[in-house]
Amino acid sequence: MSDKLSALDGQVQKGMRVLDFGSGPSEDVYEYVRYFEANYYALDNSRQVQMLLEEKGIRCIDLAFLKSTDMKFDIIFMSSVFHELLSYLSRNEAANTMNVVLSHLSENGKLIIRDWCAPEDKTLARVEVIPKKIEEVKQWIKELSEHAIFLSEVVVKGNTIQASVDDLYNILLHVTWGQQSILRESNESYLVDSASIKQFILNGNQNIKLVSQRAYYQSDYTNYLSNYFKDVEIFVKQYHICTKQVLVLQKA
């Protein structure tokens, strides 16, 4: 089972209605949900994605349709979507979107969010870049800075980066995408912290409860990070870095 699908482990049951919010063109969640004889709906605002899914017989809706319907779902799954809402939408737009999502949960329905994590650590720390990768890493830092992703000053001296642990988290995980992804990914912050969960989901929604939360480090990231940074395992362990978290919220 993939890491993505493990977020749904033990949650899907026969006859449930499951909404894959921000599905993209992948069929993995569809196949998983169908295995349990549950009803799958994809939501994606891209018409191209909708057409690809519809060609395969997969029911696909967009946000405008969701706003217009009273359809309820037993599970709404958001994988690597929540941080995008926070990155691309205004605070009001993000809050309104999450309110729409929550309003379409059935009684006892669950919102399952799988996304990046956040150290929530403002401590200054350092990482050393492998010399042949320093120019690529500096390009990432430049783009992330221009998009106001950093919370505080990032200083590069030689091959060493000094910044808060939170900002280093953003740098390290962005860099693993490779240089070809700079224009796309540099618009996004990967810090999904407790304040964001409280502000955009729990505040004003007294009937929504956080029932479980787990954060973890995906070991395969060590290989990716080691291509760019020295002694990255020490940094990961020292600052308790997690690459993903899964939150399960339930409507009372």
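Each value, and the rule that gives it
- Residues numbered from 1 in each chain as written.
- Predicted model: local features only at pLDDT ≥ 70, side-chain atom pairs only at ≥ 80, totals over all residues.
- Heavy atoms only, no water.
- Pairing = 2+ DSSP bridges.
- Helix = DSSP H or I, 4+ residues; strand = E, 2+ residues; numbered from the N terminus.
- Buried < 20%, exposed > 50% of the residue type's maximum accessible area, 1.4 Å probe, protein only.
- Arc of directions from axis to C-beta.
- Contact = heavy atoms within 4.5 Å.
- Phe/Tyr/Trp six-rings, centres within 6.5 Å; stacked < 30°, edge-to-face > 60°.
- Lys NZ or Arg CZ within 6 Å of the ring centre and 35° of its normal.
- Polar contact = N/O pair within 3.5 Å; in protein donor to acceptor, adjacent residues only side chain to side chain.
- UniProt positions renumbered as here; feature names shortened; annotations may be inferred.
- 1 Å grid on protein atoms, 1.4 Å probe; cavity = no way out; pocket = protein on both sides within 12 Å on 5 of 7 lines; lining within 4 Å.
- Points joined across faces, edges and corners; volume = space filled by probe spheres on them.
- Nonpolar A, V, L, I, M, F, W, Y, C, P; charged D, E, K, R; others polar.
- Axes fitted to C-alpha atoms, helices over the stretch in contact; angles between N-to-C directions.

Named according to an unreviewed UniProt entry, the protein is Methyltransferase domain-containing protein originating from Solobacterium moorei F0204.

1. With respect to the sheet that holds strand β6 (residues 124-129)
Sheet architecture is open: 4 strands sit in the order β7-β8-β6-β10, paired in antiparallel fashion. The outermost strands of the open sheet, each flanked by one partner alone, are β7 (155-157) and β10 (229-230). Here β6 runs beside β10; their pairing, made up of 2 bridges, is antiparallel. Paired with V129 across the two strands is F229, which belongs to β10.

2. Side note on helix α10 (residues 194-202)
Taken as a whole, α10 has its buried residues at S196, I197, F200 and I201. In an axial view of α10, the angular spread of the buried residues amounts to 100°, which keeps them on one side of the axis. Contacts made by the buried residues of α10 are with α5 (82-88), α6 (91-103), β5 (105-115), β9 (208-216) and β11 (244-251). In the segment just after α10, G204 is the residue with positive phi, at about 75°.

3. Some words on the packing of aromatic side chains
According to the stated counting rule, one finds 9 aromatic pairs in the structure shown. Geometrically, the ring pair formed by W116 and Y190 is stacked, given 4.3 Å between the ring centres and 15° between the ring planes. Here the residue W116 occupies a position in the loop between β5 and β6, and Y190 occupies one in the loop between α9 (182-185) and α10, the gap between them amounting to 74 residues. Members of the aromatic cluster, joined through ring pairs, are W116, Y190, Y221 and Y224. The lysine or arginine in question, K244, covers the ring of W116, its NZ or CZ lying 3.7 Å from the ring centre.

4. Looking at the environment of D115
Inspection of the secondary structure assignment puts D115 in strand β5. Expressed as a C-alpha distance, the spacing of D115 and S80, which sit 35 residues apart in the sequence, is 4.6 Å. Contact partners of D115, with chain neighbours within four places excluded, come to S80, V81, F82, H83, V192, T243, K244 and Q245. A polar atom in the side chain of D115 sits 3.4 Å from the backbone nitrogen of V81. Reaching out from D115, the side chain makes a polar contact with the side chain of H83 at a distance of 2.8 Å.

5. Topic: the UniProt feature "domain: Methyltransferase" (unreviewed entry) in the protein
Per the UniProt record, "domain: Methyltransferase" (unreviewed entry) is annotated on residues 14-164. In residues 14-164, the share of helix is 37% and the share of strand is 29%. The end C-alpha atoms are 46 Å apart.

6. Re the pairing of β5
Most of β5 sits out of view: 8 of its 11 residues are buried. In this structure, strand β4 (residues 73-79) lies alongside β5, joined through 6 bridges in parallel fashion. The residue of β5 that forms the bridge with F77 is I112. Pairing analysis gives 6 bridges linking β5 to β11, with the strands arranged antiparallel. Residue pairing across strands places L111 opposite L249, the latter belonging to β11.

7. Points about the layout of surface pockets
There is about 750 Å³ of room inside the largest pocket. Within the residue set of the lining of the largest pocket, elements represented by two or more residues are β1 (17-21), α5 and α9. In terms of residue count, α5 provides more of the lining of the largest pocket than any other element does, 4 residues in total. Of the residues contributing to the lining of the largest pocket, the split by class is 11 nonpolar, 10 polar and 9 charged. Space inside the second largest pocket adds up to approximately 490 Å³. For the second largest pocket, the lining is made up of 24 residues, of which L86, R91, S189, L191 and S196 are closest to its centre.

8. Focus on the packing of α6 against α10
At a minimum axis separation of 8 Å, α6 and α10 run at an interaxial angle of 65°. Judged by residue contacts, R91, A94, A95, M98 and L102 of α6 engage Q199, F200 and I201 from α10. For the contact of α6 with α10, a count of residues per class yields 6 nonpolar, 1 polar and 1 charged.

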